[in-house]
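Notes for the structure review
In case you want the letters, here they are:
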Amino acid sequence: MTPAGSRRARLRKRAVGYLHRGWAWLIGPLLVGLVAVGLAYGSEEVTRFNRWLWSGQPLLPLLLMPAAFAALAWLSRRWFPGAQGSGIPQAIAAMEGEERVAPRSLLSLRIVVGKVLLTLGGLAAGASIGREGPTVQIGAAIMHAFHGRGPLQGEQQRRTLILAGGAAGIAAAFNTPLAGIMFAIEELSSRHVFKANSSTLITVVLSGLVSLSLLGNYTYFGTTSAALDWRGGALAIAVCGMIGGLAGGLFSRFLIAFSYGLPGRVGVFARSRPFAWAAACGFGVALLGVATSGLVFGTGYDPTRMTLEDSGALPWHFGIAKFAATLLSSAAGIPGGIFAPSLAVGAGIGDNLSMLLPGLAQHSAVVLLVMAAYLAGVTRAPLTSFIIMMEMTDSHHMLMPLMATALIASAASKAVCRTPLYHALANRLMPAPEAVPSQVPARQADPG
């Protein structure tokens, strides 16, 4: 080859490399943002459909929800394996690379389609699930699709793409860019060194800008006037942190047990007849929905916002019922996240605590603190939890109380459930014996 031809070849190769990088770090986050916004709009529409479907027919869920849960479980197993559960464990497991699990079995464009459709189907049926966890898997899968192209080779590039996509998913779903970055540090990269390179930050920022431009500069749960003096609110911080953290840890322990397989006849039934088990879970959620006039159906966004803004009272049993409905929805093996339902459970528990101890602190402040505490107890990600609450409610003045409460809650949760929820579920997706947590038997089940 002539010197001129060799120079042209090098320039062509460099141009192709820049093109692949541009597609990954510019087009990728735009796609993540668009899919996240589409899922947000779709979630609102199917939630309205669910309300219309059950209005005037209070007992209809008892008939339709078992069939819907069974159908969703069958579709996810038959056509979209890997789409079950929230999606965050899949992203964490895929970070481990080919030596532990095949990433493309957990993150693919086929799974993206299934995750969107089945999450919307679950919300339409009334399952107590959220869209935020699925958006993490969707974002990670979209970015992972660029791996192997041009210079995007090797395990380090794979991890960077997954990390950026998952963080972008949280940022776009909650409209909270800072929480997206912190989520990447605390959850997705807890087993690997996090490098806050420009590629990751660009991905989070661009996906957040898409959400901002299409949905506006909104706060997920509106705004709250909650205030708590740091010096006089120490008791409220300690009580909210302990109660929320213990409740969140209890949820994690139950869900891990369900996911790895219950003992006795119930466990045998769930493993041998997964679709009948899903139908039974759907019937349980339907019973809870009928008992609460439909309050536990869906994400729980409306009752949470109502109590946080002091615009209405919740029934005393809302927190307990939402806890059980979310646990059953997750145990059914259908796609759907637990972020938004967990915040709703925290709001219900906070409302109960405020009624039991009226002098503890302002009502909305107690609700806000317990929401952050419960989420930190479930996820064992205290920094992400308090940042999400701060950004979602525009309560920057509550920074220090929220931070302290989330840290207390994470420690309290560890006393109940030793293994963090998402990592326990991710370990089950990886076949290595040492990956199985000691507190539960090593049995295979659908992702929770």
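As the structure is a computational prediction, the values presented were derived from the model and not from experiment.

Comments concerning the environment of A173
Of note, A173 is situated in helix α6 (residues 154–174). Taking relative accessible area as the criterion, A173 reaches 1% and is therefore assigned buried. Taking the C-alpha atoms as reference points, A173 and E132, separated by 41 residues in sequence, lie 5.6 Å from one another.

A word on the confidence of the model for the chain
With 85% of its residues at a pLDDT of at least 70, the chain reaches an overall mean of 85. Confidence drops under a pLDDT of 50 for residues 433–447, and excluding neighbours within four residues, the segment shows 40 contacts in the predicted structure.

Observations concerning the UniProt feature "transmembrane region" (unreviewed entry) in the chain
Listed under "transmembrane region" (unreviewed entry) in the UniProt record, and renumbered for this structure, are residues 21–42, 54–75, 161–185, 200–221, 233–256, 276–298, 319–340 and 360–377. Split by type, residues 233–256 is 96% helix and 0% strand. Its first and last C-alpha atoms lie 34 Å apart. Structurally, residues 319–340 is divided into 68% helix and 0% strand, and its ends, taken at the C-alpha atoms, are 13 Å apart.

With respect to the side chain of T326
Structurally, the position occupied by T326 is in helix α13 (residues 318–331). Overall, T326 belongs to the buried group, its relative accessible area being 1%. Discounting residues that sit within four places of it in the chain, T326 has contacts with S128, F251, I338, P341 and V345.

A few points about helix α4 (residues 109–125)
Between its terminal C-alpha atoms α4 stretches 24 Å, which fits the 24 Å expected from 17 residues at 1.5 Å a residue. Across the 17 residues that make up α4, a large majority, 12, are buried. Taken as a whole, α4 has its buried residues at I111, V112, G114, K115, V116, L118, T119, L120, G122, L123, A124 and A125. Positive phi shows up at G126, right after α4, with a value of about 105 degrees.

Comments concerning the packing of aromatic side chains
A full pass over the atoms with the stated rule returns 8 aromatic pairs. Aromatic side chains W54 and F297 sit 6.2 Å apart centroid to centroid with 50 degrees between the ring planes, which places their arrangement in the tilted category. Separated by 243 residues along the polypeptide, W54 in helix α1 (residues 3–54) and F297 in the loop between α11 (274–291) and α12 (301–308) bring together distant segments of the chain. With relative accessibility at 10%, the residue F297 sits in the buried group. Ring geometry for F254 and F323: centres 6.4 Å apart, planes at 85 degrees, overall edge-to-face. Placement of F254 in helix α9 (residues 234–260) and of F323 in helix α13 is noted, with a sequence separation of 69 residues between them.

How each quantity is defined
Residues numbered from 1 in each chain as written. Predicted model: local features only at pLDDT ≥ 70, side-chain atom pairs only at ≥ 80, totals over all residues. Heavy atoms only, no water. Helix = DSSP H or I, 4+ residues; strand = E, 2+ residues; numbered from the N terminus. Buried < 20%, exposed > 50% of the residue type's maximum accessible area, 1.4 Å probe, protein only. pLDDT = per-residue confidence, 0-100. Contact = heavy atoms within 4.5 Å. UniProt positions renumbered as here; feature names shortened; annotations may be inferred. Expected span 1.5 Å × (residues − 1). Phe/Tyr/Trp six-rings, centres within 6.5 Å; stacked < 30°, edge-to-face > 60°.

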